[in-house]
Amino acid sequence: MSERLADIAVAMVADGRGILAADESTGTIKRRFDSIHLESTADSRRDYREMLFRADDAMRNYVSGVILYDETIRQKAKDGTPFVDILKAAGSIPGIKVDKGAQPLAGTQGEQITEGLDGLRERLAEYHQLGARFAKWRAVIDIGQGIPTYNALAANAHALARYAALCQEAQIVPIVEPEVLMDGPVATHDIATCYRVTELTLKLVFEQLYFAGVDLTGMILKPNMVIAGKDSPTQASPEEVAEKTVKVLKACVPPAVPGIAFLSGGQSDEVATKHLSLMNELGGPLPWKLTFSYGRALQAAALKAWGGKPENVAAGQRAFTHRCRMNALAATGRWSADAERHAA
Ligand code: 13P
C-alpha cells in the first residue's frame, strides 16, 4: 500500500468501507465486559479482539481500518500472530488511539480537555514502527447550562490541531475527532442546540488546523451527527438528523478533506446505520465520502452474542459481520430495513 498520507486517507474511506473503533481504553472495555458479566483481563480482552479481527468476511470486505489501543497494537492472537499482521493480511489498515483521555479543564464548570501532547512525537514514531498508519484523538464537548464555553472549545481545537500536525510529521494520518456529546450528564438539549454547538466546534477546529499547517488531504474528520440529546423531550426524525448533519458539514468542512467517518455516540445500532444511509441517499453530490467509524454501534450485538464464551465465537462473528455489512450499505446510501431483516 502507498505510504503517502493522502493515499492512506483515501483508502480509509474507500467506497462501501468504514472504520472499526476497537480502541476502548482498559477502563472502558471493563465497563463493556461488565455488561456480559465477564472479567476484564489481558486474555479476555485478547480473545474478544481476536474474535472481531478474525471475522474475515467483515475485515476483507467492509472494514478499511481498525483503531487499536496501546495494549492491543502490541498484542498477539492466541496462536502468537500479532494482531497487526492479522489486520494487514485482511487488507485492513492498523490505527491507534493516541490521546490520553479527557481531564477536567481548570477554571470551568465541569468541562473537559483532552490530554496527551507531551511526548507524543516519540510515541507516534514508535506506533509507526509497530505498523500504525493512522491515529485518533477525541475531544469531548458537553452541552449544558452555560456550556460549552469558548475557552473549552478553543483549548480542545488547539490540542486537536497540534496532535494532527505531529501525526502528519510522523507520516500518520490523523483522525480529528471533536465529539459534541448526545449523552452527557444533562442531555436534554434539542437538535437546534446541537447544530449550533457542532457548527462553532467545527469552525474553530478547522481554523486551528489551518494555523497549524495541517494538510487537509491527509486527514479524516470524525464528528458527531447533529442530533438531540438522548434525554431531550423533542427527538428529531431520522430525515432531520441526516439533513441537518449534511448541512453543518457543508458549511464547515473544506472539500479538500477526503472523508468524514462518524462516531455512533450512543445511538442504537440500527439508528446509527439508518442515519448514515439517509445522508448518503438524500445529501446530493457531496465533496467528501461519508462513512462510519463506529465503536458501540458495530460491536454491541457481537459482544452480546459472544458473551465471553469460546463456543459463541462464530455467533459473535456473525453478528459483527452483519453490522459491518449493513453499515457498508449505508456508506453508499443503499441500506434498507428490508436488508436488515433479510440478512439478520
Ligand atoms: P462510538 O461509536 O461508540 O461513539 O465510539 C467511536 C469512538 O471511537 C469514540 O471515540
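Residues numbered from 1 in each chain as written. Predicted model: local features only at pLDDT ≥ 70, side-chain atom pairs only at ≥ 80, totals over all residues. Heavy atoms only, no water.

## Let's talk about the state of the cysteines
Spelled out, the test is: Cysteine sulfur atoms are paired as a disulfide whenever they come within 2.5 Å of each other. Only protein chains enter the calculation, and the probe is 1.4 Å; a residue is then buried if its accessible area is under 20% of its type maximum, exposed if over 50%, and partly exposed in between.
This model, assessed by the stated rule, comprises zero disulfides. In this structure C194 is a free cysteine whose sulfur lies 12 Å from that of C252, the closest cysteine sulfur available. A residue is classified by how much of its surface remains accessible, and C194, at 2% relative accessible area, is buried.

## Thoughts on the pattern of salt bridges
Condition: Every case where a carboxyl oxygen of Asp or Glu lies within 4 Å of a side-chain nitrogen of Lys or Arg is listed as a salt bridge. Strands here are runs of E lasting at least two residues and helices are runs of H or I lasting at least four, both read from the DSSP assignment and numbered beginning at the N terminus.
Counting across every chain of the model gives 24 salt bridges. Of the charged contacts in the structure, one is a salt bridge between E169 and R121, with a shortest N-O distance of 2.6 Å. In this pair, E169 sits in helix 8 (residues 150-169) while R121 sits in helix 7 (residues 120-130), placing the two residues 48 residues apart along the sequence. Taking the relative accessible area as the measure of exposure, R121 reaches 46% and is therefore partly exposed. The residue E270 makes a salt bridge to R341 at a minimum N-O spacing of 3.3 Å. Taken together, the residues E270 in helix 11 (residues 269-282) and R341 in helix 14 (residues 337-343) connect sequence positions 71 residues apart.

## A closer look at the layout of surface pockets
By rolling a water-sized probe across the atoms, one finds the places where empty space is left. Our working rule: Cavities and pockets are found on a 1 Å grid laid over the protein atoms alone: a cavity is a set of points where a 1.4 Å probe fits but cannot escape, a pocket is an open set with protein on both sides within 12 Å along at least five of seven lines, and a lining residue has an atom within 4 Å of such a point. Grid points are joined across faces, edges and corners, and a volume is the space filled by probe spheres set on the points. We call Asp, Glu, Lys and Arg charged. Ala, Val, Leu, Ile, Met, Phe, Trp, Tyr, Cys and Pro are nonpolar, and the rest, Gly among them, are polar.
Within this model, the largest pocket holds a volume of roughly 800 Å³. Along the walls of the largest pocket sit 31 residues, with T28, R32, K97, K136 and R138 positioned nearest its centre. Counting residues per element, the lining of the largest pocket draws most heavily on helix 2 (residues 26-34), which supplies three residues. Each residue belonging to the lining of the largest pocket can be placed in one class, and the counts come to seven nonpolar, eight polar and 16 charged. Estimates place the volume of the second largest pocket at around 210 Å³. Listing elements by their share of the lining of the second largest pocket, those giving two or more residues are helix 3 (42-53) and helix 13 (313-330).

## Overview of the site of the ligand
Going by this rule: A molecule or strand has a residue near it when one of that residue's heavy atoms lies within 4 Å. Whenever two N or O atoms come within 3.5 Å, that pair is a polar contact, provided that in protein one can donate a hydrogen and the other can accept it, and provided that, for residues adjacent in sequence, both atoms are side-chain atoms. Residue burial considers only the protein chains on display, and all accessible areas are found by Shrake-Rupley using a 1.4 Å probe. Any molecule with more than half of its atoms within 2 Å of a cavity's or pocket's grid points is regarded as sitting in that cavity or pocket.
Neighbouring residues of the ligand: A21, K136, R138, E177, K222, L263, S264, G265, S293, Y294, G295 and R296. In the environment of the ligand, an oxygen atom lies 2.7 Å from a nitrogen or oxygen atom belonging to the side chain of K222. The protein chains hide 91% of the 300 Å² of surface that the ligand would expose on its own. When each cavity is represented as a set of grid points, the ligand is found to reside in the largest pocket. Going through the elements one at a time, strand 6 (134-141) and strand 10 (289-294) are the ones with two or more residues in the shell around the ligand. Residues that form the shell around the ligand fall into these classes: three nonpolar, four polar and five charged.

Read these as layout, nothing more, since geometry by itself doesn't imply function.
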